[in-house]
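Results of the structural survey
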Amino acid sequence: MMFAAAAVAPLSVTAQTSPSSQPEDVVISQADLRPLQIAIAPFSGPNGSQISEVISGNLRRSGFFDPINPASFIETGLTVQNQPNFPLWTNIGAQAVLYGSAEQGPDGRTRVGFRLYDPYRQCQLVGFSFTATGENWRRVAHKISDVVYQRLTGEPGYFDTRVVFTIEGGEGEDRTSRLAIMDQDGYSPTPLSQDSNELILTPRFSSNSNEITYVALGPDYSRIYLLNLNTGRRESLGEFEGQLLAPRFSPDGSKIAFSIIRGGNTDVYVMDLRSRQLSRLTSDPGIDTSPSFSPDGSQLVFTSDRSGTARLYVMRSDGSGQRPISRGGGSYTAPAWSPSGNLIAFTKQQGGRFHIGVMDSGGGGERILSSSYFEEGPSWAPNGRYIMFARQERGGGTRLWTVDVTGRVVGQAAYAGSAGDPSWSPLLDPPPANLGLGQSPDSCPS
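I will try to describe carefully the structure that is included in this document. Keep in mind that this is a model prediction, so the values were computed, not measured.

**Observations concerning the overall build of the protein chain**
Of the regular secondary structure elements, the protein chain holds 3 helices and 31 strands. In the protein chain, which comprises 446 residues, the proportion classed as buried is 52%. Of the roughly 18,700 Å² of accessible surface on the protein chain, a fraction of 46% belongs to carbon and sulfur atoms.

And the structure:
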């Protein structure tokens, strides 16, 4: 079966060494986080002002940056051939200055160059250019956002990514859901499945961003599908006895872990996608589900109620060494291992409320990041700092939200519709290997 493809074309990158969604509110809940004041001047050229607006929205949502209102700018008309008049920017409190230009080449492609300066040290932090077709200007803005974020925070960016999710509708037996995809900032939500009697659950990205897996529940079947976003081809893993739950790729994309409800028992299985060989990893009475691989593929975390209450367990990838790691009260579900490997996110039900939290991979250091009437399904951004999840307020619809690993930066994601089961993709392209450090006499020291 074929669906609309959602492929992403690569962009070319050049290091430079010479001279519609509305931004949502972001709540910073503790006063010790002081966002950096960054001046983002409107870029010149085709789509230049829109590129600046997308960058500004991305950086604001991260919680690390507070873009200055352009109405306060004293210097205007900056070009990539000139450096800023530094005192005019320090006078308005700018701790960083970003500007650039877009130029269309003879081949019809657009080249966007930009520069980032530290006005207090009066030096260039980084200069780059990206080249893409004109319709890809939003991706260029996301990639520039990633470079700025990495250069100023020291952490990898996460803006040039997408999110696959389910569009929710109805309630109870009339509940419906469709598979959809969007940019991480909520732009261009695109359905990937047609209206049907299928209920779509738990979509998850592969490590290459081009393939997803999910469960489709029909009137008399449950199936796990693989959907190739480049071709639109949908492929079933086959027919299984029992109901299927919660598929997730291994880090190298060669396997899928999932659960099967069979004979009153729910266990974790792994399928090799090349041979289609199925291996059973758990056999304890009760419910073992929601497996998630560690980044190196050597372990899985999963949920089990074998002790009487849903807790988090860890096992080796062959099913050996099963042991509990969660230690607090309440019920733990939907674990997700972070890309860095040091944290595990989870959903917790306790005290009549639902919570999104994290703990270290051994079960210690548990902390709750977000709480509400109902929330579930944490998914990590590729840099391991932000988590997207679904939240429902009492009497309201389900929406997508994000929170950082400190719990200080929380906000509703830009997609305004009812949605659930988010899965954050890896970066669509590898980040630039060089951020301009020490490349020219005016570069700031590392």
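Picking up after the structure, the text goes on.
**Let's talk about the pairing of strand 15 (residues 243–249)**
Buried residues dominate strand 15, accounting for 5 of its 7 residues. When strand 15 meets strand 16 (residues 255–262), the two strands line up antiparallel, connected through 5 bridges. Of the residues in strand 16, the one forming a bridge with Arg-248 is Ala-257. Linking strand 15 to strand 16, which pair antiparallel, is a turn of 5 residues; within it Gly-253 sits at a positive phi near 75 degrees.

**Here we look at the nonpolar core**
Side chains that are nonpolar tend, in soluble globular proteins, to be buried together. If you look at the biggest cluster of nonpolar residues, it comprises 44 residues, and the most contacted ones within it are Ile-55, Leu-59, Phe-114, Ile-144 and Phe-165. Among the elements that make up this core, the one with the highest residue count is helix 3 (residues 137–153) (7 residues). Other than its neighbours up to four places away in sequence, Phe-165 contacts Arg-178, Leu-179, Ala-180, Ile-181, Met-182, Pro-203, Leu-400, Tyr-415, Ala-419, Gly-420, Asp-421 and Pro-422. Listed in part, the 16 residues of the second largest apolar core include Leu-199, Ile-224, Leu-244 and Tyr-269.

**Digging into the environment of Arg-61**
As for its placement among the helices and strands, Arg-61 is situated in helix 1 (residues 48–62). Using a relative accessible area of 15% as the deciding quantity, one classes Arg-61 as buried. Along the chain, Arg-61 and Gly-411 lie 350 residues apart, while their C-alpha atoms are 7.8 Å from each other. Side chain to side chain, Arg-61 and Asn-58 meet in a polar contact 2.6 Å long.

**Some remarks on helix 3**
When the terminal C-alpha atoms of helix 3 are compared, their 24 Å separation across 17 residues agrees well with the 24 Å that a helix rising 1.5 Å per residue should span. Most of helix 3 is tucked away: 14 of the 17 residues are buried. Taken from the residues just after helix 3, Gly-154 is the one with a positive phi, measuring 80 degrees.

**Remarks on unusual backbone geometry**
Positive phi outside glycine occurs at Ser-209, with the angle close to 70 degrees. Mapped onto the elements, Ser-209 comes out in the loop between strand 11 (199–205) and strand 12 (211–217). Although it is not a glycine, Arg-276 adopts a positive phi angle of roughly 60 degrees. On the secondary structure map, Arg-276 appears in the loop between strand 17 (265–272) and strand 18 (278–280). With relative accessibility at 29%, the residue Arg-276 sits in the partly exposed group.

**Quick look at the sheet that holds strand 26 (residues 367–372)**
Spatially, the 4 strands line up as an open sheet ordered 23-24-25-26, and their pairing is antiparallel. Edge strands, defined here as strands with exactly one partner in the open sheet, are strand 23 (331–337) and strand 26. The sheet shows a mean angle of 20 degrees between the axes of neighbouring strands, taken without regard to direction. Note that strand 24 (residues 343–350) and strand 25 (residues 353–360) share 8 bridges and pair antiparallel.

**Here's the deal with the environment of Asn-197**
When you line up the elements, Asn-197 lands in the loop between strand 10 (190–191) and strand 11. Once residues lying within four places of it in the same chain are set aside, the contact partners of Asn-197 are Leu-217, Gly-218 and Pro-219.

**As for the pattern of salt bridges**
Following the criterion strictly, the structure yields 17 salt bridges and no others. The salt bridge partner of Lys-143 is Asp-160, with a shortest N-O separation of 3.5 Å. Of this pair, Lys-143 sits in helix 3 while Asp-160 sits in the loop between helix 3 and strand 8 (162–169), and the two are 17 residues apart along the sequence. Asp-160 shares its class with Lys-143; the two are buried. Across the pair Arg-234 and Glu-198 runs a salt bridge whose closest N-O atoms are separated by 3.3 Å. With Arg-234 in strand 14 (residues 234–236) and Glu-198 in the loop between strand 10 and strand 11, this pair connects stretches of sequence that are 36 residues apart.

**Some details on the packing of aromatic side chains**
Scanning the model with the defined rule gives 18 aromatic pairs in all. Across from the ring centre of Tyr-187, 3.8 Å away, lies the NZ or CZ of Arg-138, which sits over that ring. Across from the ring centre of Trp-401, 4.2 Å away, lies the NZ or CZ of Arg-391, which sits over that ring.

**What about the sheet that holds strand 20 (residues 299–304)?**
Each strand in a sheet pairs with another by means of backbone hydrogen bonds, the pair being arranged parallel or else antiparallel. Taken in spatial order, the 4 strands line up as 19-20-21-22 in an open sheet, and their pairing is antiparallel. Each edge of the open sheet carries a strand with a single partner, namely strand 19 (288–293) and strand 22 (323–324). Of the pairings in the sheet, the one linking strand 19 to strand 20 comprises 4 bridges and is antiparallel in character. Across the sheet, the residue bridging to Asp-288 is Ser-304, located in strand 20.

What counts and how
Residues numbered from 1 in each chain as written. Predicted model: local features only at pLDDT ≥ 70, side-chain atom pairs only at ≥ 80, totals over all residues. Heavy atoms only, no water. Helix = DSSP H or I, 4+ residues; strand = E, 2+ residues; numbered from the N terminus. Buried < 20%, exposed > 50% of the residue type's maximum accessible area, 1.4 Å probe, protein only. Areas by Shrake-Rupley, 256 points an atom, 1.4 Å probe, with all protein chains shown as cover. Pairing = 2+ DSSP bridges. Core = buried A, V, L, I, M, F, W, Y, C linked by side-chain atoms within 4.5 Å. Contact = heavy atoms within 4.5 Å. Polar contact = N/O pair within 3.5 Å; in protein donor to acceptor, adjacent residues only side chain to side chain. Expected span 1.5 Å × (residues − 1). Axes fitted to C-alpha atoms, helices over the stretch in contact; angles between N-to-C directions. Salt bridge = Lys/Arg side-chain N within 4 Å of Asp/Glu carboxyl O. Phe/Tyr/Trp six-rings, centres within 6.5 Å; stacked < 30°, edge-to-face > 60°. Lys NZ or Arg CZ within 6 Å of the ring centre and 35° of its normal.

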